[in-house]
Amino acid sequence: MEQRKVIPLNLTYNFPTKPETLFDAWIVPEIANQWYFKNETNRINLETDTRVAGKFLLREWDKGNIVDHFGNYLEIERPHKLVFTLEVPQHFKGVSIV
């Protein structure tokens, strides 16, 4: 089996809003459904258990296809830190940490 090297990627972007507003955009379904993996033709539904070790499922419907994006929350320090796993088997193998 091929060993893959893990390379951390750090991105920084300053959003012109309060940290609480940005944090909620990731975890409040009514907000996340408007942008998270959103495009012109799909519909998004986020179900979340927002606590450490809690799970989330973001289901995407697009042109007859259903794509599940899911993971677990690893760290939650509202409003400054949110760490979670992300799996999207239909698009990539393995588990990402976001």
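Shown above is the structure to which this text applies.
Being a predicted model, the structure only gives us computed values, none of them experimental. (Residues numbered from 1 in each chain as written. Predicted model: local features only at pLDDT ≥ 70, side-chain atom pairs only at ≥ 80, totals over all residues. Heavy atoms only, no water.)

A. How the structure looks around the nonpolar core. Within the largest apolar cluster, 14 residues are counted, with the highest numbers of intra-cluster contacts made by Phe56, Tyr73, Leu82 and Phe84. Elements supplying a minimum of two residues to this core: helix H1 (19-27), strand E1 (43-48), strand E2 (55-62), strand E3 (65-77) and strand E4 (81-86). Looking at which element gives the most residues to this core, the answer is E4, with three residues. (Core = buried A, V, L, I, M, F, W, Y, C linked by side-chain atoms within 4.5 Å. Buried < 20%, exposed > 50% of the residue type's maximum accessible area, 1.4 Å probe, protein only. Helix = DSSP H or I, 4+ residues; strand = E, 2+ residues; numbered from the N terminus.)

B. Just the pattern of salt bridges, in detail. The full count for this structure, using the stated rule, is four salt bridges. We note a salt bridge from aspartate 24 to arginine 78, for which the minimum N-O separation is 2.9 Å. You can see aspartate 24 sitting in helix H1 and its partner arginine 78 sitting in the loop between E3 and E4, a full 54 residues away along the chain. With a shortest N-O distance of 2.6 Å, aspartate 68 and arginine 59 are connected by a salt bridge. Among the residues examined, arginine 59 registers a relative accessible area of 30% and is labelled partly exposed. (Salt bridge = Lys/Arg side-chain N within 4 Å of Asp/Glu carboxyl O.)

C. Highlighting the pairing of E2. Because side chains alternate across E2, one face comprises the buried residues Phe56, Leu58, Glu60 and Asp62, and the other comprises Lys55, Leu57, Arg59 and Trp61, none of which is buried. Where E1 meets E2, six bridges bridge the pair, whose relative direction is antiparallel. Each bridged residue has a counterpart across the sheet, and for threonine 48 the counterpart in E2 is phenylalanine 56. Hairpin geometry of E1 and E2 is characterised by an intervening segment of six residues between the two adjacent antiparallel strands and by a positive phi of about 80 degrees at alanine 53. Looking at chain direction, E2 and E3 are connected through eight bridges and run antiparallel. Note that in E3 the partner of glutamate 60 across the bridge is valine 67. (Pairing = 2+ DSSP bridges.)

Geometry only, nothing functional implied.
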